Amino acid sequence: MHKIFGIKKDVEYTDRKGAYLIPVKENKIAVIKTEKGYFLLGGGIEFGETDEECILRECLEETGCKATVGKFVCSAESYTEHFKIGAFHPIQNYYLGELSEQITEPCEQDHILEWVTYKEIKGKLFADLQNWALDVCMSDLEK
């Protein structure tokens, strides 16, 4: 399943591919809280990285925890305006997975790991495309 957010204008966009993990454990979902709001674990894919490599690196940086990437859930992209970049086109893939023990201190001190219920976080992630991906994931798990 794939969804496009926003309307593509006739301007030059900065594309940014990303990969994200949706860890679910005991009816709770791991998310990252920053001063901007809540986000799924993951981020931008660096040159030569696979989705899985990106997710494993980002989870370690953001939480200090090891992760396991599972089933692909969905993908989404958005045509939007970024306050620093300008015309921005994030393209994101989402995976179910697990977050296990913390093996190091997180690199990103402003990123706080929280385990929340779907009811608590539904519609509250910073990005619309991540809210949609979480809804798809949870709908999939209910089947």
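Per-chain numbering applies: the sequence of each chain, read as written, is numbered from 1 onward. Since the coordinates come from a predicted model, pLDDT governs what is reported: local features require at least 70, and pairs of side-chain atoms require 80 or more to be given and counted, while whole-chain, interface and lining totals use all residues. The side-chain quantities take in all heavy atoms of the structure and omit both hydrogens and water.

Break down the nonpolar core for me, with residues and values.
The tendency in soluble globular proteins is for nonpolar side chains to be buried as a group. As used in this record, nonpolar core signifies buried Ala, Val, Leu, Ile, Met, Phe, Trp, Tyr and Cys residues forming a set joined through side-chain atoms within 4.5 Å. Here the term buried applies to any residue with accessible area under 20% of the maximum for its type, exposed to any over 50%, and partly exposed to those in between, with areas from a 1.4 Å probe on protein chains only. Within the largest apolar cluster, 24 residues are counted, with the highest numbers of intra-cluster contacts made by I29, Y94, I121 and L134. Counting residues per element, the ones that place at least two in this core are strand 2 (14-25), strand 3 (28-33), strand 6 (65-78), strand 8 (86-102), helix 2 (118-121) and helix 3 (128-142). The element contributing the most residues to this core is helix 3, with seven residues. When neighbours within four sequence positions are excluded, L134 is seen to be in contact with I22, I29, Y118, I121 and L125. Within the second largest apolar cluster, 13 residues are counted, among which are I32, C59, A67 and Y95. Helix and strand definitions here come from DSSP, where helices need a minimum of 4 consecutive H or I residues and strands a minimum of 2 consecutive E residues; each element is numbered from the N-terminal end. Contacts: residue pairs with any heavy atoms within 4.5 Å of one another.

Go over the environment of Y118, please, and point to the residues and values.
Secondary-structure assignment places Y118 in helix 2. Sequence separation between Y118 and N27 is 91 residues; the distance between their C-alpha atoms is 7.7 Å. With residues near it in sequence (within four places) discarded, Y118 still touches I29, L134, D135 and M138.

Got a sec to walk through the packing of aromatic side chains? Specific residues and values, please.
Stacked, edge-to-face and tilted are the three classes for Phe, Tyr and Trp ring pairs, Trp counted by its six-membered ring, which pair at centre distances within 6.5 Å; planes under 30 degrees apart are stacked, over 60 edge-to-face, the rest tilted. The full count for this structure, using the stated rule, is five aromatic pairs. Relative to W132, the ring of F5 lies with its centre 6.3 Å away and its plane at 70°, an arrangement referred to as edge-to-face. Here the residue F5 occupies a position in strand 1 (residues 2-5), and W132 occupies one in helix 3, the gap between them amounting to 127 residues. One exposure class covers both F5 and W132, and it is buried. When the centroid spacing of 5.0 Å and the interplanar angle of 75° are considered together, the rings of Y13 and Y79 count as edge-to-face. With a gap of 66 residues between them, Y13 in the loop between strand 1 and strand 2 and Y79 in the loop between strand 6 and strand 7 (80-82) connect regions that are remote in the sequence. Y13 sits in the buried class, given a relative accessible area of 14%.

Go over unusual backbone geometry with me, naming the residues and quoting the values.
Despite not being glycine, E26 shows a phi value in the positive range, around 50°. Along the polypeptide, E26 turns up in the loop between strand 2 and strand 3. For N27, which is not glycine, the phi torsion reads 65° and is therefore positive. Examined against the element boundaries, N27 turns out to sit in the loop between strand 2 and strand 3. The exposed category is assigned to N27, whose relative accessible area is 70%.

Such coordinate-based values are descriptive only and should not be taken to indicate function.
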